[in-house]
Each structure stands twice: as structure tokens, then as C-alpha cells.
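Single-letter residue listing:
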Amino acid sequence: MKLRLLAFALLVAGSLVACGGDKSKPAATPRTDAPAVATPPVAAGSGAADVVDIAAPALPARTCPPAHAATFGACKDGLRCLLILEISDACVVKVANELEIPDLATESDGAGIEDLIWPTKDGALYVVNRTETWSWAAVPSPLTAPRDALAKATWTTAKVGDLEPEGYQYGLATDGAKAILVGCKKWGDECGADAEECEEWFCTKHVFVDPHTRKKLAKAPALPFVAGPKTGKITEAVTLGKKGKEQTCASGTDAPETWYDAPLDGSVALSATDWLALRYQAGSRMRAKWGVDVTYRRGCSDGFGVVEGTINLGPNQLWSRSVDTGWELQHGALGTPLTDATGKIKTFGDTLFVFAAD
């Protein structure tokens, strides 16, 4: 009898185990050579709260050429300042110094800072103040200058070239070593004697002056960062050429087509397809200065819709562009903007932006 009961018990136990499905199987021995697979995040309310959200592996660290820049914007206390920016090799941007704007240089009654330039990071930063007399000032060592450095600066009155029809006098440029005042020797007279009715006008000849010696330069300076080919292989995939008297552009394996853009004065390759087109531009209405015009290109297209707004050229594939909230800094092809120390994408300043030639 006992043997029959024992056999019956074993039969029942076996049936229960069989109904448990996979629970009857021995645990598999984990493979030590199997690749780790991250569990995808689970949406809230999915009923799988016991699934662990494993973070994705960190992306490779970005690297940038260390650089410096300056722009006008709000100080930490809300006042108006000249912001001195520092870009680290980890592509982090920080405000390294704030120089308060003095009352004589604030925008009121048609006056205010009209231009700035920073030839080298270890040298002085120059600003032009737009008043009835027009003057310029230099701030030594802006990275370490005291907050009131602009208020204590010596403003030097100067006249460079002819007044633009709406009263603008001159701006600033640099050859990467020193500051240069840039005015216009002669404005276009397309409108003749009735200049007040003119819609647009342009400078037909610029004049370049050393602010310290007041001597005129024999020719226009070569602006920093303006390099790269004017024709030929612009990027790995973009080539500019000529067919007869026409310019051509070929992108990738496409056949060369007529390229209607104005000739280049330089270019900067940002990727295999993306690049910056550089052209020197004369002064025009409400802009007495001469400088480089920068436009973003993708392949042979004009780039419209890809990057809009003003672009400022920097060293080693660094550039900034104007967006609704200020100046956004980029390195290389258009992608993720540079961040602050917290990793947050941030814009800086709101008007006038220059890179220093380190």
C-alpha cells in the first residue's frame, strides 16, 4: 500500500512540474563571450516597470581648436557688456570676462559701438564708437581686463575717408596681427545730386589706415582665416572649374554644371560636401566698412534653407551664425552647436561677433 501511495505522489508531482512549462528546464549557463545588449527604455505606463533602462554608451568626445571670441550682450547682472568668450579643446564655450559698456558708448541718440576687432588673443581689443566725431579705443589684455576697462579707455577721434550718405564713417579690420581702420574714399554717385532719394549705394574705393600712426596702407590687408582654394577641388566632393568663359561646379559624380555665383576669394571645407564660400565685400548703405562675406554651401547649391543669417568666420573650421536668441557657435559642418560647461547648447551675445586670431 505504501509503495502504491508513493508511486501516485510521484506521478502527481511530475504532472505539476510538466504544467509549469519552462520552469522545469535547468537554468542556462551564461556565455562569457556573448556581447552585452542594452535593454531599450520602456515607456511610462507600459506595465513593464521591472525592465531596467540601461543608458546608451557615451558618444566619442568632441574636439575643437582652442579659440577666443568677443561679442556684445547682457552681463550676468543684466547690464550691457562686451563678453569675452573662450572655446576649449573639448568644444566648451565659457564667458571668460565681462567688460561693462560705458554710457558714452551705449546706443542712444544715434550713438553707440559701431564695430570691434580682436587681432590676437594676447593683444588689445579695439572698438569704434559712433558719434558726431567718431572715435576708437583699445582695451589691452581683454581676457584679464577689469570690468570698467572700456570706461577707462582712451577714446581717440579720427576721420577716415568720406562720410557715407547716412553719416557712417568707418569700421575696423585686422590682418591677424594689428587693427586697421577702414573707411571709404569715394561713395558711388548713382543717384547724382539727389542722394537722399537713393535706395542703395556702394563704396567704389576703400582707404585703410593704421590707427596709431595714422598712415595709410598701400593696399587692402589680407584678413585672417580667409584661405582655401578659389577654384579646383573645394572639398572631397565639390570641384569648381571653367568651361570657356563660364564657371562650372561639379558635386560628387554629377557632371559639371554652370555655376552662377560670383568668383570666390577663398573657401573653407567643412565636410566632404559642406563648405563656406568667402568673398571680400565693399561697404554699402549704413555699412561703411569693408570685410569678408561668408555663405554656407552644400555641394553646388547656394545653401539657402540650410544656414540662414549672418556667418562669422573663425579659425580652423570654427564659425558662428546668428539665430533668434544670439550667436550660435559651430565647428565643422552644420550639426550640434557648441555647449557651455554643463553640456547645454547655448547662444552668446546678440550683436557684433568676432573671433581672435590665436
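The rules behind the values
Residues numbered from 1 in each chain as written. Predicted model: local features only at pLDDT ≥ 70, side-chain atom pairs only at ≥ 80, totals over all residues. Heavy atoms only, no water. Helix = DSSP H or I, 4+ residues; strand = E, 2+ residues; numbered from the N terminus. Buried < 20%, exposed > 50% of the residue type's maximum accessible area, 1.4 Å probe, protein only. Contact = heavy atoms within 4.5 Å. Phe/Tyr/Trp six-rings, centres within 6.5 Å; stacked < 30°, edge-to-face > 60°.

Student: Could you give an account of unusual backbone geometry, naming the residues involved and the relevant values?
Tutor: Of note, the phi angle at Asn316 is positive, near 50°, even though the residue is not glycine. As for its placement among the helices and strands, Asn316 is situated in the loop between strand 18 (311–313) and strand 19 (318–323). When its relative accessible area of 56% is taken as the criterion, Asn316 is described as exposed. You will see that Leu352, though not glycine, has its phi angle at about 60°, which is positive. By the element assignment, Leu352 lies in strand 21 (residues 351–355).

Student: Pulling in residues and values, what's your account of the environment of Leu329?
Tutor: Position of Leu329 among the secondary structure elements: in strand 20 (residues 326–331). Those residues in contact with Leu329, other than ones at most four positions away along the chain, are Ile87, Val93, Trp319, Ser320, Pro337, Leu338, Phe348 and Phe353.

Student: Give a detailed account of the packing of aromatic side chains, specifying residues and quantitative values.
Tutor: Tallied over the entire structure, the rule returns nine aromatic pairs. Pairing Tyr296 with Trp319 gives two aromatic rings, centres 5.4 Å apart and planes at 45°, and the pair type is tilted. Here Tyr296, found in strand 17 (residues 291–298), pairs with Trp319, found in strand 19; they are 23 residues apart in sequence, far enough to count as distant. Classification of Tyr296 by relative accessible area gives buried; the value is 2%. You can call Trp319 buried: its relative accessible area is 0%. Note on Trp327 and Phe353: the rings are 5.6 Å apart at their centroids and 50° apart in plane angle, and the pair reads as tilted. Of this pair, Trp327 sits in strand 20 while Phe353 sits in strand 21, and the two are 26 residues apart along the sequence. Assessed through its relative accessible area of 7%, Trp327 is described here as buried. By the ring-pair criterion, three or more aromatic residues cluster together here, those being Trp134, Tyr168 and Tyr170.

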